Amino acid sequence: MTEVTLTDVIKRYGQHQAVHGINLDIQDGEFVVLVGPSGCGKSTTLRMIAGLEDISGGEVKIGGRVVNDLPPRERNISMVFQNYALYPHMTVRENLGFSLKIAKRPEAEIESAVTEAAQILGLDELLERKPAALSGGQRQRVAMGRAIVRQPDVFLFDEPLSNLDAKLRTQMRVEIKKLHQKVGNTVIYVTHDQVEAMTLADRIVLMRDGHIVQTGTPLDLFNAPVDTFVATFIGSPPMNLVDGIVTETGALRLGDHITLPMPSEARGAVSPGQEISFGFRADNLMPDGHSVEESGQMAPLELEVALTEPLGTETLLFAEFAGREVQAKMLNPRPVQPGERLPFHLMLDKCHVFDRKSGKALRG
Ligand code: ADP
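Here is a short report on the structure shown in this document. A quick note: this is a predicted structure, and the numbers were derived from the prediction, not measured. (Residues numbered from 1 in each chain as written. Predicted model: local features only at pLDDT ≥ 70, side-chain atom pairs only at ≥ 80, totals over all residues. Heavy atoms only, no water.)

## Description of the overall build of the protein chain
Along its length, the protein chain carries eight helices and 20 strands. Here the C-alpha coordinates of the protein chain stretch approximately 75 × 50 × 35 Å along the principal axes. Looking at the 364 residues of the protein chain, the share that counts as buried comes to 50%. Sequence-distant contacts in the protein chain: of pairs separated by 6 or more residues, those separated by 24 or more amount to 68%. If you sum the accessible surface of the protein chain, you get close to 17,200 Å²; carbon and sulfur atoms cover 48% of it. Averaging the coordinates of the 38 positive side-chain charges in the protein chain and doing the same for the 47 negative ones gives two points 5 Å apart. (Helix = DSSP H or I, 4+ residues; strand = E, 2+ residues; numbered from the N terminus. Buried < 20%, exposed > 50% of the residue type's maximum accessible area, 1.4 Å probe, protein only. Contact = heavy atoms within 4.5 Å. Areas by Shrake-Rupley, 256 points an atom, 1.4 Å probe, with all protein chains shown as cover. Lys, Arg positive; Asp, Glu negative; His and termini not counted. Charge placed at Lys NZ, Arg CZ, Asp CG, Glu CD.)

## Description of the packing of helix α4 (residues 136-149) against helix α5 (residues 166-183)
As a packed pair, α4 and α5 sit with axes 10 Å apart at the nearest point and diverge in direction by 25 degrees. Taken together, the axes of α4 and α5 are roughly parallel relative to one another. Crossing geometry of α4 relative to α5 is assigned as right-handed. Touching Gly-136, Gly-137, Gln-140, Arg-141, Met-144 and Ile-148 of α4 are Leu-168, Met-172, Glu-175, Ile-176 and Leu-179, all from α5. (Axes fitted to C-alpha atoms, helices over the stretch in contact; angles between N-to-C directions. Parallel < 35°, antiparallel > 145°, perpendicular 65-115°, else oblique. Left-handed = near helix turned anticlockwise from the far one by under 90°.)

## Observations regarding empty space enclosed by the protein
One pass over the structure, following the stated rule, counts one cavity of 30 Å³ or more. The space that makes up the largest cavity amounts to roughly 40 Å³. Around the largest cavity, the lining residues are Phe-31, Phe-155, Phe-157, Ile-176, Leu-179, His-180, Val-183 and Val-187. Elements represented by at least two residues in the lining of the largest cavity include exactly β7 (154-158) and α5. With four residues, the single largest contributor to the lining of the largest cavity is α5. (1 Å grid on protein atoms, 1.4 Å probe; cavity = no way out; pocket = protein on both sides within 12 Å on 5 of 7 lines; lining within 4 Å. Points joined across faces, edges and corners; volume = space filled by probe spheres on them.)

## Re the layout of surface pockets
For the largest pocket, the calculated volume is near 660 Å³. In terms of lining residues, the largest pocket is bounded by 25 residues, among which Ser-78, Met-79, Ser-99, Arg-146 and Arg-150 are the most central. Broken down by secondary-structure element, the contributors of at least two residues to the lining of the largest pocket are β6 (77-80), α2 (92-102) and α4. Tallied by class, residues from the lining of the largest pocket come to 16 nonpolar, four polar and five charged. Together, Met-90, Arg-93, Glu-94, Gly-97, Phe-98, Lys-101, Glu-107, Ile-110, Glu-111 and Val-114 line the second largest pocket. Secondary-structure elements contributing two or more residues to the lining of the second largest pocket are α2 and α3 (107-121). Counting residues per element, the lining of the second largest pocket draws most heavily on α2, at five residues. Grouping the constituent residues of the lining of the second largest pocket by class yields four nonpolar, one polar and five charged. (Nonpolar A, V, L, I, M, F, W, Y, C, P; charged D, E, K, R; others polar.)

## What about unusual backbone geometry?
The linkage connecting Ser-236 with the following residue, Pro-237, adopts the cis geometry, with an omega of 0 degrees. Structurally, Pro-237 can be placed in the loop between α8 (228-233) and β11 (240-246). Here the phi dihedral of Asn-332 falls at roughly 45 degrees; this positive angle occurs in a residue that is not glycine. Mapped onto the fold, Asn-332 is located in the loop between β18 (324-331) and β19 (341-347).

## Let's talk about the pairing of strand β9 (residues 203-208)
The buried fraction of β9 is high, at five of six residues. Note: strand β3 (residues 31-35) against β9, four bridges, orientation parallel. Within β9, the position partnered with Leu-34 by the bridge is Val-205. Sheet topology places β9 next to strand β10 (residues 211-216); five bridges connect them, and they run antiparallel. Pairing of Met-207 across the sheet is with Ile-212, part of β10. As consecutive antiparallel partners, β9 and β10 are separated by two residues, and within that stretch Asp-209 has a phi angle of approximately 50 degrees, a positive value. (Pairing = 2+ DSSP bridges.)

## Overview of the side chain of Lys-42
Residue position: Lys-42 is located in helix α1 (residues 42-50). Of the side chains bearing the opposite charge, Glu-159 lies closest to the buried Lys-42, which forms no salt bridge; the N-O distance is 4.5 Å. Within the local environment of Lys-42, its side chain forms a polar contact with the backbone oxygen of Gly-36, the two atoms lying 3.0 Å apart. Setting aside its immediate chain neighbours within four residues, Lys-42 contacts Leu-34, Val-35, Gly-36, Pro-37, Glu-159, Val-190, Thr-191, His-192 and Met-207. (Salt bridge = Lys/Arg side-chain N within 4 Å of Asp/Glu carboxyl O. Polar contact = N/O pair within 3.5 Å; in protein donor to acceptor, adjacent residues only side chain to side chain.)

## Some details on the nonpolar core
Ranked by size, the top nonpolar core spans 46 residues in total, and within it Val-33, Met-144, Tyr-189, Ile-204 and Leu-206 carry the most contacts. Here this core gets seven residues from one element, more than from any other, and that element is α3. What Tyr-189 contacts, discounting residues up to four positions off in sequence, is Phe-31, Val-32, Val-33, Leu-34, Phe-157, Pro-160, Leu-161, Ile-176, Glu-196 and Leu-200. Judged by nonpolar contacts, the second largest core, of 31 residues, contains Val-246, Leu-260, Ala-299 and Val-305. (Core = buried A, V, L, I, M, F, W, Y, C linked by side-chain atoms within 4.5 Å.)

## Points about the pattern of salt bridges
In total, this model carries 15 salt bridges according to the counting rule given. The partner of Arg-341 in a salt bridge is Glu-304, with the nearest N and O atoms 3.6 Å apart. Note that Arg-341 is positioned in strand β19 and Glu-304 in strand β16 (residues 298-310), a separation of 37 residues in sequence. Classification of Glu-304 as partly exposed rests on a relative accessible area of 41%. Put simply, Lys-11, Arg-47 and Glu-53 are held in one network by salt bridges that share partners.

Here is the structure:
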């Protein structure tokens, strides 16, 4: 029973309110990622769950028990930070067992917890080494091992991979995911990196300015963003957004020249004359003959390619569309010269319409 429940949780620093009444139900064994731009309140939220920050209002429950006034050590959580200071004079084995030793656990119990954590994390061969003789990734694994040996109900991760280089970050992401599959504990993980959130989370909680903007599976947020903030934060490259207006007949007018049928999801949610932002991903605008087989409503367009970014299996194409620079994607790429005009098709059924003022998605 290790659900974590936040009810109307508030954090104030003097006059400044950093977290504005957050409600969140995290299930036993769930991997939840709090993500959002710097300063949105995700670390503060995590630290209130950990007991490292006072809660200014509302309630935090872990395993059904209100923990607002419990010190961190009584919450049965383990936290892994960005700065995972290992004790330099201790071996990996001693680092792993240290918290249990301090808690005066019997030698045999410490030995077995350390052995198990070392096996789970592939540290068996390194137990007698000192941290100075480990790579960055190995050190991060020891930091995770220290969290595991305490057999916490909940793991809390605060940007644990931020100090690692890009390649190592990708490797450690996979290791963290495997660790969760093996151990199965509840995990709450904070990052500003949407790729980390997409790849790790069972459920993403996207925050902005101390509020939750959207909660859902990675694909929920990717496929059905509630507003333009989510649409441009989740997914790489960010969703293309083009200004437009709804015509008298309920079609879309984009820029001065382009008229398109209304995407199916927005029909019934728009009114004539409404100012909108039209959103589509690079994957939904592809040159003819360079996409996967697609069904559904297509809009043919001819666009001039200004710039290309070859990525190997695909190439990103930058082109002007209704007065904006947009990105399109070419699968099975061939070289494209700047200035080349190509026939494209836009997958209308995958496109989104947002109210331009509020940024909210318009869905019928
Ligand atoms: P994030 O983790 O999303 O980058 P934080 O939770 O660290 O954001 O911070 C949220 C807001 O609270 C920010 O505006 C930050 O400046 C403010 N804040 C964080 N810690 C303190 C503090 N100890 N004192 C005052 N303001 C703080």
